[in-house]
Amino acid sequence: MENYYLLGCIFIPVLGSFLLPVIGRASEFARNLTALIMVSASLVFSILLAGPVLAGRVITISHELPLGFNFILTADALAVFMAIVSSLVGAIIVLYSFDYINHYGNRNEYYLMVTLFLGSMMGLVYSGNLILLYLFWEITAIASWRLIGFFREKEYVLKADKAFLVTVFGALLMLLGFIYIYQITGSFDLPVIKAAFKTNPVPDIVVILILVGILSKSATLPFHTWLPDAGVAPSPVTALLHAAVLVKIGVYVFARLFIATFTIGQIWHTVVPVIAAVSALVSAGAALVETDMKRIIAYSTVSQIGFILLGFAVGNEIGCAGALLFILMHGLAKGGLFLCAGIVEQNTKTKDITKMGGLFATMPVTALSFLGCAFSVMGIPPFGGFFSKYLVFSGAANSGNMWITLTFLAGAFLTIIYLFRIFNLIFLGDAQKPPAREGSRVMVISVAALAILSIAGGILIKFPSDFVQIAVKQMMGI
Amino acid sequence: MPGHAILFPIIIPLITALAVLFVPKRAGWAKEIVSVAGTALNFFAAIILFRSNLNFSIPWSGFGIDLSLRLYQFSAFIILAVAGFAFLVTLYSTASLHAKNYAKQFYVYLLLTFCMVNGAVLSDNLIVMLFFWEGTLLTLFGMIAIGNKNAFKTATKAFIIVGVCDLCMMTGMAITAHLAGTLTISQIAITTGGLGGLAFILLVIGAISKAGSMPFHSWIPDAAIDAPLPFMAILPAALEKLLGIYFLTRISLDMFKLDVHSWASTTLMTIGAITIVLAVMMALVQKDYKRLLSYHAISQVGYMILGIGTLVPVGIVGGLFHMINNALYKSCLFLTGGSVEKQAGTTDLAKLGGLRRKMPITFTCFLIAAASISGVPPFNGFFSKELIYDGALERGLIFYIAAIAGSFLTAASFLKLGHAAYLGKGQSKTDVKEAPVRMLIPMIVIALTCVLFGLWNALPLKGLIQPVLGERLEGHNFAGLPSNALLVIITVVVLALALLNHIYGVRKSGKAIGASDHIRHAPVLDSIYDRAEKRFFDPYNIGLHIVNLFSRIASWLDKAIDWVYNVMVVRTMYAITGAIRKLHTGNYSSYILWSIGAMVLIVIFLIRSI
């Protein structure tokens, strides 16, 4: 039975997405609803998988294929956790899209790409074979390319090309790394690779090649500049890129390969945190200078991804757990921020925060949701971001590298400052004329749901935390 | 008593807050009645819990983060004090805020603050404590922001300053947990060597910033102007001091094994001494009732930090005694400020005057509280200050001098304040009346407590503070009259000098509000004061300048990286493809040459590989 859950989780959205344009010809509403159901199916099936996985089982589907391209799907605690996070945030974003995207053309393609995007994320998460993982990785690249350039203006398409080229460049280097591993182990299957590298770490060249892929997908310095540029996409798409799918792929693969599958040389436990620290600081600084709302939030993502990488890279249990919780909390909160920005952008017709102000009066729910999500990103209790931030810092402190820890402390200061800057400029101060309206009911419910989930994630931290602890134990083989 | 009873101080305010939140808008006095009833119940619970030892623990987030609470002498004392202030200030707010449209929001924030302060005090786990402690940031922001249209700027300032310090504290906790191997506060015992020193500094930053010490103080004077007055009376004046000093004491006495002659002790005393002197210098020249008080709220923290920083028993007892005394007289002073603001319509000292006859009860309360803060015998402030003087003198003359200089300036500024607001001829509106009774009761109760804690200082010292320190005191007893007669004589002389200084200042400038002008415009000080008033020395502004500079550099670096992608890569590709295109000349002979050349290379490669 669980095997069907696992297959359904991936192939309902991946294959089903191609039906959406057909349904769309008959009825707009039916298509929207079908897309939502498909994405929710991933969520439901992943939750159904959580039961057996939390009991300590690992569900595997395996078919031998020639040339090492074996079809292997694995559902362990890490994969299920990641799948739940992505599909939960993804489902809320699809719901929000109902009212956002109906002003624009090409809606059939929009729903096709979004559903395919989320489905291939599921495929990537559950992949137990490097080639399968690469395949889904590139499907997300294609989907994101179409979605970033969705409005089809020349400049936007160029930015979509940039995102595509940078991430695919990284992915190709990563593929070289995979081939290198194949040369050593004779297999692309993760269990085989895991057994082969049980005693010794993988060669540094492999780490470098795969790391370039990860950093380019996760928009980390120096491969990050495509992400702020991708803000030209429709707001639900940017939310998807930042919160649910794209940038989380890189850090997920980091966890999947560098922690759960093989060990990396000791030096990387210092090098990766240093890269992450520089990335976190530089992008936080850039976020303070930018005046485009979506670019600011995008730089914030680049900065927060640094924290996630830090947590994974310090190489201890607590940091790793912190990073996983960070993925959850950041996904919820950042998704909320982008969706709020979408409401503001659509109703004020501008993205320049210096031309806004006083919107609290006319859009209170959006403003409060934005503030709640911002608090979660800052790591203020009782929001969920508090615990994830503490655990990452605790992991860094336990690794004994205080300079890195203090650098991230500075990054956390800047987070507070730039988020308050953007909140105050948009929602407080003198009102602009004429005052913009509140978003539609569905949109407002979506953002409020994300804000409420952010606060629930803090108060009910026990549940995600228990899950994460099991995942970490599995990953680190304790 | 069942262990779950420990949850009452957290749950009662929480439920009350939610109840107020759901009170309908048109329900008249319902929100006030619910709030007062809730805080009264909370006070009752605190009294019942006092003197009991309770422990409570349930697992929460793993990795040592258990929701564990501990009620013992120290936390029970703070809980009781918080509950008392909570009840009185809520009662006061029902009169002073009823007409305001933000009243309901204010009660919700206020009650949530009580919930979180109680939670922080009861926590026996560092992260749980931080959860509650940092949670007060949200209500702090809310309570300041509702004050007026532009109050959000001050609220943001407060949030950023306190938030940054809380993050420091979080990092300090991470390092402490790493060193101690546990997050349970009562089990932590580490030294300040190496990493421990870093952890100590980070934790102290969190504690003293909550208490409002320099250099983390600069939002308080701004909030005094922008925030609703009861906020000032309850948070910066009372609760934040209790919370900050409580945790500072836990850090310095329980969690870290500090030596009397350690750098940690000297650092604390230095911060204390500097805060006392600089903040009171600023207080002296203020011309607004509330702003003047707010600088004293900062300055008085210096005494507590100095006292605890001495690490000698007399200093610690003095510091803790001063903590509770300050909470009393400072909130009383703010409450008098609030009643003046409500009745006379302004807190600008230039417009006030002669309120003594119109508001005699407010004036009497002010008089008692001002005498207490100035250290006039036999009020409570006198006794705690004498203990701190004693401790400071034991550790170094310079610290004593700073403390006594602070006393001189404190007395001088309260003479000015009292003279300008209450004495002299009435410049303010003629129809000013005494404040309503719900505002008077809290003031009278607190003022009477000031007198009680002075005349019968054995009550707080033996009943509340000395049990906290337990064996550390080894038979010392600090109740009763001060032991060092010489220090008392010096104190009295200094107070007399302050009075003379005031008379001189008033004569020289011709008006009460000008009593400090001769100091304000003294050589050297004049230019320093000018710059301070233009906020040259505001650490927040300095910090933001540094942040802006950094972010400009970071942004430039980011643009440079982007240039690589947008320009350099593109140009390089065009150059390469352009060069290759040139090879396509359309000339057959050259194509044949290329082919032959390539074939030769292949042949060479094949021969070599054989």
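Residues numbered from 1 in each chain as written. Chains lettered and ligands numbered in written order. Predicted model: local features only at pLDDT ≥ 70, side-chain atom pairs only at ≥ 80, totals over all residues.

Q: So, the overall build of chain B: which residues are in play, and what are the values?
A: Each helix and strand counted, chain B has 23 helices and two strands in total. Summarising its shape, the C-alpha atoms of chain B cover approximately 115 × 60 × 60 Å along the three principal directions. Considering chain B as a whole, with its 610 residues, one finds that 55% of them fall into the buried category. Long-range pairs, those at least 24 residues apart, make up 79% of the contacts in chain B with a sequence separation of at least 6. (Helix = DSSP H or I, 4+ residues; strand = E, 2+ residues; numbered from the N terminus. Buried ≥ 20, exposed ≤ 12 C-beta atoms within 10 Å, placed from the backbone. Contact = placed C-beta atoms within 7 Å.)

Q: Explain the overall build of chain A residue by residue, including any values.
A: Counting its regular elements, chain A contains 20 helices and two strands. The C-alpha extent of chain A, read off along each of the three principal axes, is 65 × 55 × 40 Å. The buried share among the 478 residues of chain A stands at 64%. A separation threshold of at least 6 residues defines the contact pool for chain A, and within that pool the share at least 24 residues apart is 83%.

Q: How would you summarise the interface of chain A and chain B if you had to cite specific residues and measurements?
A: In this assembly, 42 residues from chain A lie in contact with 38 residues from chain B. If you list the elements that add at least two residues to the side of chain A that touches chain B, you get helix H7 (154-185), helix H13 (268-289), helix H15 (317-348), helix H16 (364-378), helix H17 (385-399), helix H18 (402-427) and helix H20 (462-476) of chain A. The dominant element in the side of chain A that touches chain B, judged by the number of residues it contributes, is H18 of chain A, at 10 residues. In the side of chain A that touches chain B, the residues fall into 30 nonpolar, nine polar and three charged. (Nonpolar A, V, L, I, M, F, W, Y, C, P; charged D, E, K, R; others polar.)

Q: Could you give me a rundown of the nonpolar core, with the residues and numbers involved?
A: Residues Phe81 of chain A together with Val82, Ile144, Leu242, Cys332, Ala369 and Ala403 of chain B are the most contacted members of the largest nonpolar core, which totals 419 residues. When residues of this core are assigned to their parent elements, the largest contribution, 19 residues, is made by H15 of chain A. Residue contributions to this core reach at least three from each of two domains, namely domain 1 (1-156 + 209-251) and domain 2 (258-526) of chain B. Those residues in contact with alanine 369 of chain B that sit more than four places away from it in its chain are Tyr329, Cys332, Leu333, Ala447 and Cys450 of chain B. (Core = buried A, V, L, I, M, F, W, Y, C linked by C-beta atoms within 7 Å. Domains from an automatic or database assignment.)

Q: A description of the environment of leucine 43 of chain A should follow, citing residues and the corresponding values.
A: Residue and element names in this part refer to chain A. Considering the arrangement of structural elements, one finds leucine 43 in helix H3 (residues 28-54). By the C-beta count within 10 Å, which is 22 here, leucine 43 ends up buried. Expressed as a C-alpha distance, the spacing of leucine 43 and valine 442, which sit 399 residues apart in the sequence, is 20 Å. Leucine 43 has contacts with Ile84, Ser87, Leu88 and Ala91, leaving out every residue within four places of it along the chain.

Q: Provide a residue-level description of the pairing of strand E1 (residues 54-62) of chain B, including the pertinent values.
A: All names here are of chain B. Relative to strand E2 (residues 65-71), E1 runs antiparallel, the two being bridged by seven bridges. The residue of E2 that forms the bridge with glycine 62 is isoleucine 65. Between E1 and the antiparallel strand that follows it, E2, lie two residues; phenylalanine 63 among them carries a positive phi value of about 55°. (Pairing = 2+ DSSP bridges.)

Q: Break down the packing of helix H15 (residues 380-395) of chain B against helix H16 (residues 397-422) of chain B for me, with residues and values.
A: To characterise two packed helices, one gives the angle between the axes of the helices and the distance between these axes. Residues and elements named next belong to chain B. As a packed pair, H15 and H16 sit with axes 6 Å apart at the nearest point and diverge in direction by 150°. Classed by the angle they form, the pair H15 and H16 counts as roughly antiparallel. Contact with H15, carried on its side by Lys385, Ile388, Tyr389, Ala392, Leu393 and Arg395, involves Leu397, Phe399, Tyr400, Ala403, Ile404 and Ser407 of H16 and no other residues of that element. Per-class residue counts for the contact of H15 with H16 are nine nonpolar, one polar and two charged. (Axes fitted to C-alpha atoms, helices over the stretch in contact; angles between N-to-C directions. Parallel < 35°, antiparallel > 145°, perpendicular 65-115°, else oblique.)

Q: Tell me about the domain arrangement of chain B, residues and numbers included.
A: All names here are of chain B. Taken domain by domain, chain B holds domain 1 (1-156 + 209-251), domain 2 (258-526) and domain 3 (542-609). Relative placement of domain 1 and domain 2: their C-alpha centres are 24 Å apart. Residue-level contacts link 34 residues of domain 1 with 40 residues of domain 2. At the level of elements, helix H3 (73-96), helix H8 (219-226) and helix H9 (229-255) are the ones that each hand at least two residues to the side of domain 1 that touches domain 2. Here the residues of the side of domain 1 that touches domain 2 sort into 26 nonpolar, seven polar and one charged.

Q: I'd like to hear about unusual backbone geometry, residue by residue, with values.
A: Trans is the common state for peptide bonds, and a negative phi is the common state for residues other than glycine. With omega at 0°, the peptide bond leading from proline 381 of chain A into proline 382 of chain A counts as cis. By secondary structure assignment, the location of proline 382 of chain A is in the loop between H16 and H17. Non-glycine residue lysine 349 of chain A carries a positive phi angle of around 60°. Here lysine 349 of chain A shows up in the loop between H15 and H16. Although it is not a glycine, valine 524 of chain B adopts a positive phi angle of roughly 70°. You can see valine 524 of chain B is positioned in the loop between helix H20 (517-520) and helix H21 (525-533). Among the residues examined, valine 524 of chain B registers 7 C-beta atoms within 10 Å and is labelled exposed.

Q: Give me the packing of helix H4 (residues 77-100) of chain A against H15 of chain A: which residues, what numbers.
A: All names here are of chain A. Their axes nearest at 10 Å, the elements H4 and H15 cross at an angle of 10°. The angle between the axes of H4 and H15 places the two elements in the roughly parallel class. Together, Phe81, Val85, Val89, Ile92, Ile93, Tyr96 and Tyr100 of H4 and Leu324, Ile327, Leu328, Gly331, Leu332, Gly335, Leu339, Gly342 and Gln346 of H15 make up the contact between the two elements. Partitioned by chemical class, the residues of the contact of H4 with H15 number 12 nonpolar, four polar and no charged.

Q: Provide a residue-level description of helix H1 (residues 2-16) of chain A, including the pertinent values.
A: All names here are of chain A. Helix length check: H1 (15 residues) gives 20 Å between terminal C-alpha atoms against 21 Å at 1.5 Å per residue, within 8%. The largest bend along H1 reaches roughly 35° and is located at glycine 8. Along H1, the residues classified as buried are Leu6, Cys9, Ile10, Ile12, Pro13, Val14 and Gly16. Buried positions along H1 lie against H3, strand E1 (59-63), strand E2 (71-75), H4 and helix H5 (107-126). (Expected span 1.5 Å × (residues − 1). Bend = angle between axes of the 7 residues up to and from the residue.)

Q: Tell me what's going on with the environment of phenylalanine 29 of chain A, and back it up with residues and numbers.
A: With respect to the element layout, phenylalanine 29 of chain A can be found in helix H3. Assessed through the 12 C-beta atoms surrounding it within 10 Å, phenylalanine 29 of chain A is described here as exposed.

Q: Go over helix H1 (residues 8-21) of chain B, please, and point to the residues and values.
A: Residue and element names in this part refer to chain B. An ideal rise of 1.5 Å per residue puts 20 Å on 14 residues; H1 measures up with 20 Å between its terminal C-alpha atoms. Among the residues of H1, Pro9, Ile10, Ile12, Pro13, Thr16, Ala17 and Val20 are the ones counted as buried. On its buried face, H1 is in contact with helix H2 (30-49), H3 and helix H4 (103-122).

Q: Describe in detail the environment of isoleucine 296 of chain A, supporting the description with residues and values.
A: Residue and element names in this part refer to chain A. Looking at where isoleucine 296 falls in the secondary structure, it is placed in helix H14 (residues 293-313). For the pair isoleucine 296 and leucine 425, spaced 129 residues apart in the sequence, the C-alpha separation amounts to 12 Å. Among all residues touching isoleucine 296, those that are not within four sequence positions of it are Ala287, Glu290, Tyr418 and Ile422.

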